[in-house]
Amino acid sequence: NAGVTQTPKFRILKIGQSMTLQCTQDMNHNYMYWYRQDPGMGLKLIYYSVGAGITDKGEVPNGYNVSRSTTEDFPLRLELAAPSQTSVYFCASSYPRGEGTGELFFGEGSRLTVL
Amino acid sequence: TQLLEQSPQFLSIQEGENLTVYCNSSSVFSSLQWYRQEPGEGPVLLVTVVTGGEVKKLKRLTFQFGDARKDSSLHITAAQPGDTGLYLCAGAPHETSGSRLTFGEGTQLTVNP
């Protein structure tokens, strides 16, 4: 079972470049999330989506954009990359609250370095 | 913003020792989850606690949710090297809508053979 798949796993960007982190899930989950994890820190929510066509900001949305055209895919776009965006990015998915256990299923992460 | 504070931040112990990790907040959560994350991987759910005072056991791991649903603890008995990892607590908001979890900053556990 694939679960949540993220690409790329590693990427180095120059300051000012843009890129898209891809995320796809095959569990038919309505809810999807993007988190960033800095060294020694927990997870900070960037954006989330409760279904196709619906997205909303999390704690740290500045410098990022998302779209949700299908249930399966939830790409994260970085515009004008900055060193402060150096981090490990995790995509996750879940059933809506009230359905299932509320468990978040995470991808393996995308390690981004901005130089 | 609801904050979760975990302690200790780092813990290094010898195989066979017992340990407790704490997750505290001034806010009430409708449920609280514990995840374990290994290097190069995403977090994986260990347990969800929902009821105040609830205790759940997963082999040598015991999880407790505080009576007021503001705090939780994870106790590991006779720790083994395979328990090494980053332990994260995550609280679900008290409001009835939304699924945005608040994560603690994690406890990095190292169990030495």
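Rules used in this analysis
- Residues numbered from 1 in each chain as written.
- Chains lettered and ligands numbered in written order.
- Predicted model: local features only at pLDDT ≥ 70, side-chain atom pairs only at ≥ 80, totals over all residues.
- Heavy atoms only, no water.
- Pairing = 2+ DSSP bridges.
- Helix = DSSP H or I, 4+ residues; strand = E, 2+ residues; numbered from the N terminus.
- Axes fitted to C-alpha atoms, helices over the stretch in contact; angles between N-to-C directions.
- Core = buried A, V, L, I, M, F, W, Y, C linked by side-chain atoms within 4.5 Å.
- Buried < 20%, exposed > 50% of the residue type's maximum accessible area, 1.4 Å probe, protein only.
- Contact = heavy atoms within 4.5 Å.
- Buried area = accessible area lost by both parts, 1.4 Å probe.
- Polar contact = N/O pair within 3.5 Å; in protein donor to acceptor, adjacent residues only side chain to side chain.
- Nonpolar A, V, L, I, M, F, W, Y, C, P; charged D, E, K, R; others polar.

**Q** What is the right way to read the sheet that holds strand 3 (residues 19-25) of chain A from this model?
**A** Two strands in a sheet stick together by hydrogen bonds in their backbones, pointing the same way (parallel) or opposite ways (antiparallel). All names here are of chain A. Sheet architecture is open: four strands sit in the order 1-3-8-7, paired in antiparallel fashion. Across the chains shown, the open sheet's two edge strands, defined by having one partner strand only, are strand 1 (4-7) and strand 7 (64-66). If you compare each strand with its neighbour and ignore which way they point, the axes differ by 20 degrees on average. As defined by bridge partners, strand 1 adjoins strand 3 across four bridges and the pair is classed as antiparallel. Its bridge partner lying in strand 3, V4 is registered against Q25.

**Q** How should the nonpolar core be read in this particular structure?
**A** For soluble globular proteins, the rule of thumb is that nonpolar side chains tend to be buried together. All names here are of chain B. Counting residues in each nonpolar core, the largest one holds 21 residues, and the members touching the most others are L19, L32, W34, F63, L74, I76 and L109. Where this core is concerned, the elements lending two or more residues are strand 3 (19-24), strand 4 (31-37), strand 5 (44-49), strand 7 (61-65), strand 8 (71-76), strand 9 (85-92) and strand 11 (107-112). Beyond its immediate sequence surroundings of up to four residues, I76 is in contact with E17, N18, L19, R60, L61, D83, Y87 and L109.

**Q** Would you mind going over the interface of chain B and chain A with me for this structure?
**A** Many structure descriptions define interface size as the accessible area lost when the parts assemble. Contacts between chain B and chain A engage 24 residues on the former and 23 residues on the latter. Here chain B meets chain A over a buried area of about 1,800 Å², counting both sides, of which 50% is carbon and sulfur. Scanning the region where chain B abuts chain A turns up two residue pairs in polar contact (both at pLDDT 80 or more). At the level of elements, strand 4, strand 5 and strand 9 of chain B are the ones that each hand at least two residues to the side of chain B that touches chain A. Its residues placed into classes, the side of chain B that touches chain A shows nine nonpolar, 11 polar and four charged.

**Q** In this structure, what is going on with the sheet that holds strand 6 (residues 55-58) of chain B? I would like to understand it.
**A** All names here are of chain B. Pairing in this open sheet of five strands is antiparallel, and the strands run 1-3-8-7-6 from one edge to the other. A single partner strand is all that each edge strand has here, and the edge strands are strand 1 (5-7) and strand 6. Neighbour to neighbour, the strand axes of the sheet diverge by 15 degrees on average, direction disregarded. When strand 6 meets strand 7, the two strands line up antiparallel, connected through four bridges. By the bridge assignment for strand 7, V55 is matched with Q64.

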